[in-house]
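Report on the structure
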Amino acid sequence: RRMKARAPPPPNQPSAASRIHSEHKSPAETAVISDQNLVSMKENMINKSVDFTVILPSGVEQKSTVQGSKAVMDLLVDLCSRYHLNPSQHSLELKSLGTQQPLSYKPNTLIGALDVQTVLLKVKVPEEKIKRPLPRAPEKSVRLVVNYLKTQKAVVRVSPEVPLHNIIPAICEKCEVSQEHIVLLRDSITGEELELTKSLEELGISELYAWDRKREPNRSASLSSNAVEKEKKGFLGFFKANRSNSKGFSTAPNSPSVNSRSSTLGPSLSLGNISGMTANPEVKKRRAPPPPVVTPPLQN
């Protein structure tokens, strides 16, 4: 018996091998196809015409059509040239058909890649230049000596050019005095109050007295006692100086006290004649060296 040969597959139906091959394409082939699709999409965007409405700064609306291949920056220049405007002083705001929200774009973005319906030609608001602050010169300061509580002292570094009421907080912090109870005086003797509206330079001072009304309620008594303390210190210093000078005189060899003592002892009991008392060896004078021997000249 003869076997009938199989009929060939229909010409328009792909073979099983080709179907399997098409179903299992390699990633490289898929990437090539996707790239081709992107290229064709870009070509379509570039070649198509884009119609939109231009709203000028005056509010006038104009219809316009451009190629999708035009960049947004070029569109700005073209529109400004058409309506006699300065491109550097204007900007574009693009809005889409659906959302009417401003579209984000870069200067080189193509118009065809954006879903543009309205183009607003807006005047740029001049941004104020941010001024850099000038470098601050170091603030001038001086050492202020603050006397307080009769015998206490403190040194505060303050500006000599500001009014005194500006430096009161620093003085109060240093001396632990409340601002409600402090009074600034020129010194503790005269008790002259300083004008708080004047600066240290204007007053010509680098030292003052901070009177604490809470801890020193009796101002005149506290200031006068402070002056007495200073006078006592000065008197004691003067007394000590005189005492040291008198000591120096008593130890001198020709002092009156030594002479008077020797005179009271009598001529026979002077210091030199008292037995057992020898003069200080350091006080004795050295004997003069013997004269040099002179050889007589030879006679002829």
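Residues numbered from 1 in each chain as written. Predicted model: local features only at pLDDT ≥ 70, side-chain atom pairs only at ≥ 80, totals over all residues. Heavy atoms only, no water.

The name given to the chain in an unreviewed UniProt entry is COBL protein, and the organism recorded there is Chauna torquata.

**Observations regarding the overall build of the chain**
The helix and strand inventory of the chain stands at seven helices and eight strands. When the 300 residues of the chain are sorted by exposure, 23% land in the buried category. Pairs at least 24 residues apart make up 50% of the contacts formed inside the chain by residues separated by at least 6 positions. For the chain, the computed accessible surface area is about 23600 Å², with 56% contributed by carbon and sulfur atoms. (Helix = DSSP H or I, 4+ residues; strand = E, 2+ residues; numbered from the N terminus. Buried < 20%, exposed > 50% of the residue type's maximum accessible area, 1.4 Å probe, protein only. Contact = heavy atoms within 4.5 Å. Areas by Shrake-Rupley, 256 points an atom, 1.4 Å probe, with all protein chains shown as cover.)

**A closer look at the pattern of salt bridges**
Counting across every chain of the model gives eight salt bridges. Where Glu195 meets Lys198, a salt bridge forms, and the shortest distance between an N and an O atom there is 3.8 Å. Given the relative accessible area of 44%, Glu195 is considered partly exposed. Using a relative accessible area of 32% as the deciding quantity, one classes Lys198 as partly exposed. Across the pair Arg215 and Asp212 runs a salt bridge whose closest N-O atoms are separated by 2.7 Å. (Salt bridge = Lys/Arg side-chain N within 4 Å of Asp/Glu carboxyl O.)

**Some details on the sheet that holds strand 2 (residues 61-67)**
Strand order in this open sheet of four strands is 2-1-4-3, and the pairing throughout is mixed. The open sheet has two free edges, formed respectively by strand 2 and strand 3 (90-96), since each of these has just one partner strand. Ignoring strand direction, the axes of neighbouring strands in this sheet form an average angle of 30 degrees. Strand direction decides the pairing type here: strand 1 (residues 49-55) and strand 2, joined by seven bridges, are antiparallel. Counterpart to Ser49 in the pairing with strand 2 is Gln67. (Pairing = 2+ DSSP bridges. Axes fitted to C-alpha atoms, helices over the stretch in contact; angles between N-to-C directions.)

**Examining the nonpolar core**
In terms of nonpolar packing, the biggest core is built from 21 residues, with Leu144, Val146, Ile171, Ile182, Leu184, Leu200 and Leu208 touching the most fellow members. The element best represented in this core is helix 4 (residues 164-175), accounting for six residues. Aside from chain neighbours lying at most four places away, what touches Leu208 is Leu144, Val145, Val146, Asn147, Leu184, Leu185, Arg186, Leu194 and Leu200. If you look at the next biggest cluster of nonpolar residues, it comprises 18 residues, including Val50, Leu56, Leu79 and Val116. (Core = buried A, V, L, I, M, F, W, Y, C linked by side-chain atoms within 4.5 Å.)

**What about the sheet that holds strand 8 (residues 207-212)?**
Taken in spatial order, the four strands make up an open sheet running 6-5-8-7, and their pairing is mixed. Since the sheet does not close on itself, it has two edges, and those belong to strand 6 (152-158) and strand 7 (182-185), each with one partner. For this sheet, the mean inter-axis angle between neighbouring strands, taken without regard to orientation, is 30 degrees. Direction of pairing for strand 5 (residues 142-148) relative to strand 6: antiparallel, over a ladder of seven bridges. Across the sheet, the residue bridging to Tyr148 is Gln152, located in strand 6.

**Here we look at helix 4**
End to end, helix 4 covers 16 Å across twelve residues, agreeing with the expected 16 Å (1.5 Å per residue, within 8%). Looking at the buried side of helix 4, the elements it contacts are strand 5, strand 6, strand 7, helix 5 (200-203) and strand 8. (Expected span 1.5 Å × (residues − 1).)

**Some points on unusual backbone geometry**
Look at His84: it is not a glycine, yet its phi comes out positive at around 55 degrees. With respect to the helices and strands, the residue His84 is situated in the loop between helix 3 (72-82) and strand 3. Its identity is not glycine, yet Glu176 carries a phi of approximately 55 degrees, on the positive side. Positionally, Glu176 belongs in the loop between helix 4 and strand 7.

**Some details on the confidence of the model for the chain**
With 57% of its residues at a pLDDT of 70 or more, the chain shows a mean pLDDT of 74. Every residue in residues 249-279 scores below 50 in pLDDT, and together they form 13 contacts with partners more than four places removed in sequence or on other chains. (pLDDT = per-residue confidence, 0-100.)

**Side note on helix 3**
In an α-helix, one turn spans 3.6 residues; hence positions three or four apart end up facing the same way. If you check which residues of helix 3 are buried, you get Val72, Leu75, Leu76, Leu79 and Cys80. Viewed along the axis of helix 3, the buried residues span an arc of 130 degrees, placing them on a single side of the element. Where the residues of helix 3 are buried, they touch strand 1, strand 2, strand 3 and strand 4 (116-123). Looking one or two places after helix 3, you find His84, whose phi comes out positive at around 55 degrees. (Arc of directions from axis to C-beta.)

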